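Chain and residue survey
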Amino acid sequence: MRLWDLLCPPTCIHCGNDVYTQGEWCDTCLQAVMHERCIIGPKFSSLECIYILADYVGGIKTMLHDIKFNGKKERALGAAPFLQRFTVTCLDMKYVPTIVVPIPISESKRKQRGYNQVDVLFKSWVMQQGWNWVDLLLKLDGSKPMWTLTKEERRKNMKGHFLVRSTMVDTYVDKDLSVLLVDDIYTTGATLLEAAETIHAVLPRANIKALTLASGA
């Protein structure tokens, strides 16, 4: 056992019951939110499908809120069991993406928060798989907070707010790519769809899927 665990005994990320390691869930709280599924992307869109690992309720909702708004990056340890399960799914499907692309936040939001929550949740896991983490996209300032908008407003709000980094275009433009977009929450899909369309417009040979930790849809 680590010294930190002796000084601060680990408890479930949601209910506070004793567990073995920091960031762990008790079985009851884990089963209450774990819900792995796959949603097919809209017809004629550049997004093939979206893998979702959990429901945006209970401990997941609290965890993501703390990471995004309370500066508690360490709470990202709670994503581990969901990502481990998806690792098994990828092995079963023999799925290996060419590159993994995080949904970025704007530069002003990064300065305010100090980090991108998507990086905190996914990057270490991606590196452990031996996959290529590529910051392919840029997010422009100017979009409104998504939680304040309707589904149609979200779609319009995201239009034109992503760019593919020009320095990376030559590296991938003539390749058959399997791209995995990663984001924290799926609600209407507006963000993922706009990101996929932005990538496909510049890299037309890319096959694009997405992975989110949770869905509130």
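Anything mentioned here points back to the structure above.
So, here is what we can say about the structure in this document. (Residues numbered from 1 in each chain as written. Predicted model: local features only at pLDDT ≥ 70, side-chain atom pairs only at ≥ 80, totals over all residues. Heavy atoms only, no water.)

Let us now look at the sheet that holds strand β2 (residues 47-55). Strand order in the open sheet made by the five strands is β1-β2-β7-β6-β3, with mixed pairing throughout. Edge positions in the sheet fall to β1 (34-40) and β3 (99-102), since each has one partner strand and no second. Pairs of neighbouring strands in the sheet enclose a mean axial angle of 20°, with direction left out of account. Pairing between β3 and strand β6 (residues 177-186): four bridges, direction parallel. The residue of β6 that forms the bridge with P102 is V182. Lying over the sheet, helix α6 (residues 117-128) contacts β3, β6 and β7 (206-215), oriented at roughly 135° with respect to β6. (Pairing = 2+ DSSP bridges. Helix = DSSP H or I, 4+ residues; strand = E, 2+ residues; numbered from the N terminus. Axes fitted to C-alpha atoms, helices over the stretch in contact; angles between N-to-C directions. Contact = heavy atoms within 4.5 Å.)

The full count for this structure, using the stated rule, is seven salt bridges. A salt bridge links R75 to D66; its shortest N-O distance comes to 3.2 Å. Summarising the burial analysis for this pair, R75 and D66 share the class buried. As a salt-bridge pair, D176 and R205 come within 2.8 Å of each other at their nearest N and O atoms. Residue D176 is found in the loop between α8 (166-172) and β6, and its partner R205 is found in the loop between α9 (190-202) and β7; the two are separated by 29 residues along the sequence. Judged by relative accessible area, which is 57%, D176 ranks as exposed. (Salt bridge = Lys/Arg side-chain N within 4 Å of Asp/Glu carboxyl O. Buried < 20%, exposed > 50% of the residue type's maximum accessible area, 1.4 Å probe, protein only.)

If you check helix α4 (residues 80-93), its first and last C-alpha atoms are 20 Å apart, about what 14 residues at 1.5 Å a residue would give, namely 20 Å. Of the residues making up α4, those classed as buried are F82, L83, F86, T87, T89 and C90. Mapping the buried residues of α4 onto a view down its axis gives an arc of 165°, with all of them on the same face. Among the exposed residues of α4, those pointing more than 90 degrees away from its buried face are Q84, L91 and D92. Buried positions along α4 lie against α2 (27-33), β1, β2, α3 (58-69), α6 and β7. Downstream of α4 by one or two residues, K94 has phi in the positive range, about 55°. (Expected span 1.5 Å × (residues − 1). Arc of directions from axis to C-beta.)

Taken as a whole, this structure holds four aromatic pairs when the rule is applied. Arranged with centres 6.1 Å apart and planes meeting at 50°, the rings of F86 and W125 form a pair that is tilted. Placement of the pair is F86 in helix α4 and W125 in helix α6, with a sequence separation of 39 residues. Taken as a pair, F86 and W125 share a single burial class, namely buried. A ring pair is formed by W125 and W131, whose centres lie 5.4 Å apart and whose planes are at 80°; its orientation type is edge-to-face. Look at W125 and you get buried, because its relative accessible area is 7%. Through a chain of ring-to-ring contacts, three or more aromatic side chains come together here, namely Y51, F86, W125 and W131. (Phe/Tyr/Trp six-rings, centres within 6.5 Å; stacked < 30°, edge-to-face > 60°.)

Counting residues in hydrophobic clusters, the biggest one holds 39 residues, and the most contacted among them are I60, F82, F122 and L213. When contributions to this core are tallied by element, the ones reaching two or more residues are α2, β2, α3, α4, α6, β6 and β7. In terms of residue count, α6 provides more of this core than any other element does, five residues in total. The next biggest cluster of nonpolar side chains, apart from the first, holds 25 residues, and it includes V134, V179, L203 and I208. (Core = buried A, V, L, I, M, F, W, Y, C linked by side-chain atoms within 4.5 Å.)

Let us now look at the pairing of β7. Within β7, nine of the 10 residues are buried, which leaves it mostly tucked inside the rest of the structure. With six bridges joining them, β2 and β7 adopt parallel strand pairing. Of the residues in β7, the one forming a bridge with A54 is A214. As paired strands, β6 and β7 are joined by nine bridges and run parallel to one another. Note on β7: the bridge partner recorded for L181 is A210.

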